[in-house]
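Inside the fold
Here is what each chain is made of, one letter per residue.
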Amino acid sequence: MTIPMFRVAMAKDAPERAAEVLSSGSIGQGAKVEEFEVGIAAKIGNDRVATVNSATSGLHLALHLLAGADDDGRGEVLTTPLTMEATNWTILANRLRLKWVDIDPATLNVDLDDVARKITPHTRAIVVVHFAGYPVDLDRLREIVDQAEERFGIRPAVIEDCAHAWGAAYRGAPIGSHGNTCVFSFQAIKHLTAGDGGALVLPTDELHRRARRLRWFGIDRTADRLRNPPDVTEWGYKFHMTDINAAIGLANLGPADGVVARHKDNAAFFDRELAGVPGVELTERAPGHDSSFWVYPMKVDDREGFMKRMDEAGIMTGNIHARNDVHTAVREFRTILPGLDRVAPRIVGIPVGSWVTDEQRGYIAETIKAGW
Ligand SMILES: Cc1ncc(COP(=O)(O)O)c(C=O)c1O
């Protein structure tokens, strides 16, 4: 049997809790969604949570709220090419232009020096991904945005794509609590799954209020819509979460702490075992950056040979995300990205999740140490 790179972490009582909702006569957005949001807020330390039906919807809504309509056709978003396509296609869906930022080969996050170089008066937003759960240096990013504001008189919004980063922390505080708009994913194979779903975490009460409205057509759900339909002052989307997904999310919310802890423990084991192994380069581990290790990214020589050897040994490995900038659909935005060119052909993930046993992680480390 192959040791998988991804597996659903589902709490034992999730079927029962979802079934309760299914037979309750009310399965849309209701009390379970509210309860799930309170639970998320408590974990992150930020009350301004608005759940949605996916992180993709959350990113779409965040960009809609913060980057606005691109009236002059020149509005651009600085973004990473090393991510799941959802991060970037939502920028295009908001009719904004992509401006690729290079990758820091040490962290696989965006190169913040390149962010600083590429901000212009047309920069509406900066989207960063905490790749594999490793936090971006948010203090340095804030300094860069402060400087841009001084220079251009505009302040680009910062959106943190936290799809990999449930349970990660930056300088001792949970990701999601550093004053930016943050988007989490509760899709099937994330640390915390709601079956499918996501959450926006907003920095102000006003943005929170708008996000909660715009996730459901802009209609105030607390109003008496049958007798007295409320006016819609700002149109919105159908991005809300259902009580079915919220019940699954609630069942998994507590156990997700254990899931994340096991990812971290397995990662710490690999850090010890794989440091200095010829042909393997580990990604950065800096103080204050507490990764959630959704996956365990490494850089290896001869990736194809490495993956073939691991396949033979029954260990699933893989390229985590294909670089987005080489897709035909976005060829007009292509640019020179030396950091990414250098590192992309060498990135590989190995199984690190909560399902990986002590025996299996030992076997994975020994197989890698034996060479390929
Ligand atoms: C970095 C990143 N952003 C966004 C998404 C989209 O998440 P969702 O499937 O919840 O829409 C993913 C999904 O894996 C992702 O990896």
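See the structure printed just above.
Below is a summary of the structure that appears in this document. The structure presented is a predicted model; accordingly, all values stated were derived computationally and were not measured. (Residues numbered from 1 in each chain as written. Predicted model: local features only at pLDDT ≥ 70, side-chain atom pairs only at ≥ 80, totals over all residues. Heavy atoms only, no water.)

Moving on: the sheet that holds strand S7 (residues 173-174). Pairing within the open sheet is antiparallel, and its 3 strands lie in the order S7-S6-S11. The open sheet has two edge strands, S7 and strand S11 (289-290), and neither has a second partner. Sheet topology places strand S6 (residues 169-170) next to S11; 2 bridges connect them, and they run antiparallel. The residue of S11 that forms the bridge with Tyr170 is His289. (Pairing = 2+ DSSP bridges. Helix = DSSP H or I, 4+ residues; strand = E, 2+ residues; numbered from the N terminus.)

So, about the packing of aromatic side chains. Overall, the coordinates contain 11 aromatic pairs when judged by the stated rule. With centroids separated by 5.3 Å and ring planes inclined at 35°, the aromatic side chains of Phe6 and Trp294 adopt a geometry described as tilted. Of this pair, Phe6 sits in the segment before helix H1 (14-22) while Trp294 sits in the loop between S11 and strand S12 (296-300), and the two are 288 residues apart along the sequence. Judged by relative accessible area, which is 26%, Phe6 ranks as partly exposed. Ring centres of Trp166 and Phe184 lie 5.4 Å apart, and the angle between their planes is 80°; on these two criteria the pair is classed as edge-to-face. Within this pair, whereas Trp166 is found in the loop between strand S5 (157-161) and S6, its partner Phe184 is found in strand S8 (residues 181-185), the two being separated by 18 residues in sequence. Just as Trp166 is buried, Phe184 falls in that class too. In textbook terms, an aromatic cluster arises when at least three aromatic residues are bridged by ring pairs, as seen for Phe36, Trp166, Phe184 and Phe186. (Phe/Tyr/Trp six-rings, centres within 6.5 Å; stacked < 30°, edge-to-face > 60°. Buried < 20%, exposed > 50% of the residue type's maximum accessible area, 1.4 Å probe, protein only.)

With that settled, consider the site of the ligand. Near the ligand there are 17 residues, and of these Thr56, Asp161, His164, Ser185 and Lys190 occur at the shortest range. A distance of 2.7 Å separates a nitrogen atom of the ligand from a polar atom in the side chain of Asp161. A distance of 2.9 Å is found between an oxygen atom of the ligand and a side-chain nitrogen or oxygen belonging to His164. In the complex, 91% of the free accessible area of the ligand, which totals 390 Å², lies under the protein chains. Using a 2 Å cut-off from the grid points, one finds that the ligand occupies the largest pocket. (Near = heavy atom within 4 Å. Polar contact = N/O pair within 3.5 Å; in protein donor to acceptor, adjacent residues only side chain to side chain. Areas by Shrake-Rupley, 256 points an atom, 1.4 Å probe, with all protein chains shown as cover. 1 Å grid on protein atoms, 1.4 Å probe; cavity = no way out; pocket = protein on both sides within 12 Å on 5 of 7 lines; lining within 4 Å. Sits in = over half its atoms within 2 Å of the grid points.)

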